[in-house]
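# Descriptive analysis of the structure
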Amino acid sequence: MTEIAPKKACALLLARIQPEVFERLLIAWRQQPDLPVTAQCNGRSHPLHGIYPVSLANLLETQLRDDNRRVMVFAETAGAKTLDCPDAAEAFKNRNRPEDLMS
């Protein structure tokens, strides 16, 4: 698997993401490393599955100081690119309740 250069980017990935999807996100991010890249599946964005440049730390800090904790807003404000990942639908399944984690 390809590695991220230290201090250049941060990967936000939730459980069940396939290594191949992470690899594709990383390749897409390397094309424009100043912008984040997030996953998209079936027309829906998944900003918790993405690669974010560390250089966006000040933008994130400002958003958090403004009491805005919405990751989608951060990704949009940062100009995130999306990568279509139709083969990873199971990884993006909504799991909000304990019983959802069992499926």
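Residues numbered from 1 in each chain as written. Predicted model: local features only at pLDDT ≥ 70, side-chain atom pairs only at ≥ 80, totals over all residues. Heavy atoms only, no water.

Looking now at the overall build of the chain. Within the chain one finds three helices and four strands. Starting at the N terminus, the α and β elements of the chain follow one another as β-α-β-β-α-α-β. Expressed as a percentage of its 103 residues, the buried residues of the chain come to 34%. Residue pairs in contact within the chain that sit at least 24 positions apart in sequence constitute 61% of those at least 6 positions apart. As displayed, the chain offers around 6,700 Å² of accessible surface, 54% of which is attributable to carbon and sulfur atoms. (Helix = DSSP H or I, 4+ residues; strand = E, 2+ residues; numbered from the N terminus. Buried < 20%, exposed > 50% of the residue type's maximum accessible area, 1.4 Å probe, protein only. Contact = heavy atoms within 4.5 Å. Areas by Shrake-Rupley, 256 points an atom, 1.4 Å probe, with all protein chains shown as cover.)

All right, on to unusual backbone geometry then. Even without being a glycine, N42 presents a positive backbone phi close to 55°. Within the element layout of this structure, N42 appears in the loop between β2 (37-41) and β3 (44-53). A relative accessible area of 65% means that N42 is categorised as exposed. Even without glycine at this site, D67 takes up a positive phi of about 60°. Within the element layout of this structure, D67 appears in the loop between α2 (57-65) and α3 (71-77).

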